[in-house]
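Architecture and fold: a report
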Amino acid sequence: MPERIHQAVASIIHRGPDDQGAWQSSTVSLGATRLRVVDTSAGAQPLTSEDKDVTVVFNGEIYNHAELRKELISYGHKFRTTCDTEVVLHAFMQWDTACIEKFRGMFAFAAWRESRRRLVLARDRMGIKPLYYALHGGDIYFGSEMKSIFCHPEISRDIDLGALDTYLGMNYVPGARTLAAGIRKLMPGCFLTWHDGDISSHCYWQVDRADLSAHTSIADSAARLDHLLSQSVKEHLAADVPVGLWLSGGIDSSTVLHYASQHASSPLKTFSITFGGREFDEAPYLREMATRYSTDHQELDLGPGTVTPDSITELAYYADEPNADAGAVPVWHLSRMSAKKVTVALSGEGADELFGGYITYLADKYARRARIVPRSLRRLSLHSANRLRASNKKIGFDYKLQRFLHGTLLDERSSHIFWNGTFSHLQRKELMVSQNSTHTLKMLATIPAGRDIRRFMAFDQAYFLPDNLLVKVDRMSMAHSLEVRPAFLDHRIVEFAATLPANYCIRGRNLKLLLRTLMKDKLPQNILAKKKQGLDIPVHDWLRGHLRPLLLDTLDRKTVEETGLIYWPHLESLIKLHMERKANYGYHLWGMLMLFLWIKQWKIQGGQDLQTPRDFSDDFSIVSA
């Protein structure tokens, strides 16, 4: 049906309000929306070669497009624009799928070659840009968001019970699956080919973590990182539209600001979220950095008057696939504020996964020692901790103690995801009407055995980063037509970080040792010494307060029981315990809220118990320490 492609394009117009277009043949329909960043006067998509054989749709940025253009010109290619989309087109014409490895940047694209009746879908190495697809009757449907695929009624809207189990445990769905049984994700660093109904997938990039010999000293490694970061930030600043920077006052965004200030030709625009009056407010730190680098700074104070039930419902629609990370709320408002002044914003995502910045890595270490204590004593300690009155802090001592002690009762792999997630395996068994833990167990099996903390960092790079953090940032920013560029995720920095010895990342209680070593003479000491807060909301408090009506209206007995997914008495008990401050289940209930808002929005049906993937694609990539 010819009108379908226009419906699909319209569903994601927020990703590209500047241009929309479609191209159709007897075999294929391609559509695109465009946010003008490079060559704003040209570059409309879909883009077709002069001989009409190759057509491309593209989302993202190729930072080395100028040098690739020169190389392609030397082979006789002629260009009509200066946009990077045309470089993708000609690179595919010249090198076919081998072109993907030449691209440096964040991207998802589709290339159709009419003469071969062959479609290629490709995604960047780290999964910064999304790409979803579905198979039906030999046809393939794809898009940057699931909602563009939902335009096709042929695609199943059953929930994938295996993916639901993982979502409830981890707050997101890792790997190739999604919560919709009929839709999958193309994995980072992979491309897929469709040819007359036959499909195959290939990985063109994986991180090599074997070689630790190149690092003679931490000072030498810091010098190498200095060069890589300077080069990456310079490339990430390139645009034909206003560029800004997200500033939190932590070491990651402050590092990006430091290098950006070296390459910017005018004062940088910085944007921040504050939480006035709360113990986790980072305003003094970010203001110090804004003053130090003389930025054009703007803040938004986030509180109950800003985060309304209506804004949460709107956010849930643009989230596309449920994500139980409540940090989506400040990112939503940060994106909306930023988009009024800039089209591109640099961010600090990725530094924690690459250089060892999460407190969970310390928990992994301490839990190994704690497991020496008899299990019965650990159970007794947890029982006592559970009797503490639940605090209204974002993450209070009571919550951290309870989660840590509970984690020591799990195996090492399960405890690592438990500390970043919500429901444990036993809790999910009590909660879910029909549980299938196959997907979760397969995901856990990708973590190698051993004591090296790098195995958990590698896991977080492979799943927590692309399937949670980057998804959250992409959806919340693109909902406001804002392009966010994570400068730490240049693949050369990722490859460098993968070769670091564990004690260059975490030494004793010190996290991100190498990054702190690099920045010790560049940033203020209080920024370097500051504990990581994370951009999040006080979800325990707010769900007891002004968001309580939204929670109770969404998670009512009739709605929950009609889905046949969750035991209402168990969920009701969690809500009651939380509201009476006998326990902090805010993060658990936030995930449920996002899930049921999604089910309602997209009319998701019952469930499908998928014991194995429905197509050729692997669920998980290989994780190595």
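Residues numbered from 1 in each chain as written. Predicted model: local features only at pLDDT ≥ 70, side-chain atom pairs only at ≥ 80, totals over all residues. Heavy atoms only, no water.

**Brief notes about the pattern of salt bridges**
Inclusion rule: Definition used for salt bridges: Asp or Glu carboxyl oxygen within 4 Å of a side-chain nitrogen of Lys or Arg. Three labels apply to residues, based on accessible area from a 1.4 Å probe with only protein chains included: buried if under 20% of the type maximum, exposed if over 50%, partly exposed otherwise in between.
Counted according to the given criterion, the structure contains 38 salt bridges. Across the salt bridge formed by Lys 147 and Glu 145, the nearest N and O atoms sit 2.8 Å from each other. Note on accessibility: Lys 147 and Glu 145 belong to one class, buried. Put simply, Arg 15, Lys 129, Glu 145, Lys 147, Asp 320, Asp 474 and Arg 475 are held in one network by salt bridges that share partners.

**Points about the environment of Asp 124**
Definition in use: Only DSSP runs of H or I with at least four residues qualify as helices, and only runs of E with at least two residues qualify as strands; both kinds are numbered from the N terminus onward. Should any heavy atoms of two residues lie within 4.5 Å, those residues are considered in contact. We define a polar contact as two N or O atoms separated by no more than 3.5 Å, with the added condition that, inside protein, one atom must be a possible hydrogen donor and the other a possible acceptor, whereas residues neighbouring each other in sequence contribute only through side-chain atom pairs.
With respect to the helices, strands and loops of the structure, Asp 124 is situated in the loop between strand S6 (118-123) and strand S7 (132-136). Along the backbone, Asp 124 and Phe 496 are 372 residues apart, and their C-alpha atoms lie at a distance of 17 Å. Contact partners of Asp 124, with chain neighbours within four places excluded, come to Gly 105, Met 106, Phe 107, Lys 129, Pro 188, Gly 189 and Tyr 204. Within the structure, Asp 124 has its side chain in polar contact with the backbone nitrogen of Lys 129 (distance 3.0 Å).

**Digging into the environment of Gly 407**
Tracing the backbone through its elements, the reader meets Gly 407 in helix H14 (residues 397-408). The class of Gly 407 is buried, set by a relative accessible area of 0%. Setting aside residues no more than four positions away along its own chain, Gly 407 makes contact with Arg 371, Ser 415, Phe 418 and Trp 419.

**Focus: a nonpolar patch on the surface**
Here is the rule: Only residues whose relative accessible area exceeds 30% and that take part in no salt bridge are eligible for patches, with like-charged residues grouped when within 9 Å of each other and nonpolar side chains (Val, Leu, Ile, Met, Phe, Trp, Tyr) grouped when within 5 Å. The accessible surface values rely on the Shrake-Rupley method and a 1.4 Å probe; as for residues, cover is taken only from the protein chains in view.
Taken together, the side chains of Val 373, Leu 377 and Leu 380 make up a nonpolar region of the molecular surface, amounting to roughly 250 Å² of accessible area. Tracing the backbone shows Val 373 in the loop between helix H12 (359-370) and helix H13 (375-385).

**Let's talk about the nonpolar core**
Keep this limit in mind: Put simply, a nonpolar core is a bunch of buried Ala, Val, Leu, Ile, Met, Phe, Trp, Tyr and Cys residues held in one set by side-chain atoms that sit within 4.5 Å of each other.
Among the nonpolar cores identified, the biggest contains 115 residues, and Phe 103, Phe 109, Leu 121, Leu 225, Phe 355 and Leu 515 are the most heavily contacted of them. It is helix H18 (residues 454-478) that contributes the most residues to this core, 10 residues altogether. Apart from residues no more than four positions distant in its own chain, Leu 515 is found in contact with Leu 225, Leu 229, Ile 251, Asp 252, Thr 255, Ala 351 and Phe 488.

**Considerations on the sheet that holds S7**
The following threshold applies: Any two strands with at least two DSSP bridges between them are considered paired.
Strands sit in the order S8-S7-S10 across an open sheet of three strands; the sheet is antiparallel. The open sheet terminates on both sides in strands that have one partner only, identified here as strand S8 (139-143) and strand S10 (184-185). Where S7 lies against S10, two bridges are found, and the strand directions are antiparallel. Paired with Tyr 132 across the strands is Lys 185, a residue of S10.

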